[in-house]
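# Descriptive analysis of the structure
Each chain, written out:
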Amino acid sequence: MKKIIILFIFFIIAITSYAQNTSLKTIEEKGNLLEVKLYYDTGELMQFGFYTNKEKLLHGCWESFNKDGSRQCVAFYNKGIKVGTWMYYKGNEITRVVYENNKITSVEKMEHENKPTIDF
């Protein structure tokens, strides 16, 4: 009987450990892109964005969120290359970083009053 109980406890621990280490994500084909959504273990959205279907390169807009739903970062890629204006949000501060062909061309910090949240 002890062996069965020990085996049952080991089984429960193994299942719990596996469940905590699995990645919570969805991938959906959208034309020639793959839309990827990553979730916290609580089910809240962590990141979403796109990959090119063939090359598997980051492409288009990527957004990251904190567990409370507040926006953490908005980034843009063109087939794996950082482009455009990226926005980083931390507390009451926004850092705006402009990229051209994977190179930073300017950085600007500014204050904001409201926390940007998921708006879709």
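Residues numbered from 1 in each chain as written. Predicted model: local features only at pLDDT ≥ 70, side-chain atom pairs only at ≥ 80, totals over all residues. Heavy atoms only, no water.

## Description of the overall build of the protein chain
For the record, the criterion: Numbering of helices and strands runs from the N terminus, with a helix taken as a DSSP run of H or I at least four residues long and a strand as a DSSP run of E at least two residues long. Using a 1.4 Å probe on the protein chains alone, a residue whose accessible area is under 20% of its type maximum counts as buried, one over 50% counts as exposed, and one in between counts as partly exposed. Contact between two residues is taken to exist if any of their heavy atoms lie within 4.5 Å; hydrogens are not considered.
Secondary structure summary: the protein chain contains one helix and nine strands in total. The buried share of the protein chain, taken over its 120 residues, is 24%. Taking the contacts inside the protein chain whose residues are at least 6 apart along the sequence as the reference set, 12% of them involve residues at least 24 apart.

## Some words on the side chain of Thr 52
Note the threshold: In the analysis that follows, any N or O atom pair within 3.5 Å is treated as a polar contact, provided that within protein one partner can donate a hydrogen and the other can accept it, and provided that, for residues neighboring in sequence, both atoms belong to side chains.
You can see Thr 52 is positioned in strand S3 (residues 45–52). A relative accessible area of 5% means that Thr 52 is categorised as buried. A polar contact is formed between the side chain of Thr 52 and the side chain of Glu 55, at a distance of 3.0 Å. Not counting residues within four places of it along the chain, the set of residues in contact with Thr 52 comprises Asn 32, Leu 33, Leu 57, His 59 and Lys 79.

## A word on the nonpolar core
Applicable threshold: What makes a nonpolar core is a set of buried Ala, Val, Leu, Ile, Met, Phe, Trp, Tyr and Cys residues whose side-chain atoms join them at distances within 4.5 Å.
With eight residues, the main nonpolar core is built from Val 36, Trp 62, Cys 73, Ala 75, Tyr 77, Trp 86, Val 97 and Tyr 99. At the level of secondary structure, the elements contributing two or more residues to this core comprise strand S5 (71–78) and strand S8 (93–100). Residue contacts for Val 36: discarding those within four places in its chain leaves Thr 26, Ile 27, Gln 47, Phe 48, Gly 49, Tyr 51 and Trp 62.

## What to know about the state of the cysteines
The condition is simple: Whenever a pair of cysteine sulfur atoms sits within 2.5 Å, that pair is classed as a disulfide.
Taken as a whole and assessed by the stated rule, the structure comprises zero disulfides. Unpaired in terms of disulfides, Cys 61 finds its nearest cysteine sulfur in Cys 73, a separation of 9.0 Å.

## Some details on the packing of aromatic side chains
Convention followed: What counts as a ring pair is set by centres within 6.5 Å for rings of Phe, Tyr and Trp (its six-membered ring), and what kind of pair is set by the plane angle: stacked under 30 degrees, edge-to-face over 60, tilted for all other angles.
Enumeration over the complete set of coordinates arrives at five aromatic pairs. Seen in terms of ring centroids, Trp 86 and Tyr 88 are 6.3 Å apart; in terms of plane orientation they differ by 40 degrees. Their pairing is tilted. Using a relative accessible area of 31% as the deciding quantity, one classes Tyr 88 as partly exposed. Ring geometry for Trp 86 versus Tyr 99: centroids 4.8 Å apart, planes at 50 degrees, classification tilted.

## Remarks on the environment of Thr 26
Residue placement: Thr 26 occurs in strand S1 (residues 25–30). When the C-alpha positions of Thr 26 and Leu 38 are compared, they lie 6.7 Å apart, and in sequence the two are 12 residues distant. With residues near it in sequence (within four places) discarded, Thr 26 still touches Glu 35, Val 36, Lys 37 and Tyr 39.

## Looking at the pattern of salt bridges
This is how it is decided: Whenever Lys or Arg places a side-chain nitrogen within 4 Å of a carboxyl oxygen from Asp or Glu, that contact is recorded as a salt bridge.
Counted by the stated rule, this structure contains five salt bridges. Lys 30 is the salt-bridge partner of Glu 35, the closest N and O atoms lying 3.6 Å from each other. Residues joined by salt bridges that share partners form a network here, namely Glu 28, Lys 30 and Glu 35.

## Description of the environment of Leu 57
Positionally, Leu 57 belongs in the loop between S3 and strand S4 (58–65). Through-space distance from the C-alpha of Leu 57 to that of Asn 78 is 8.4 Å; in sequence the pair is 21 residues apart. Residue contacts for Leu 57: discarding those within four places in its chain leaves Phe 50, Tyr 51, Thr 52, Lys 79 and Gly 80.

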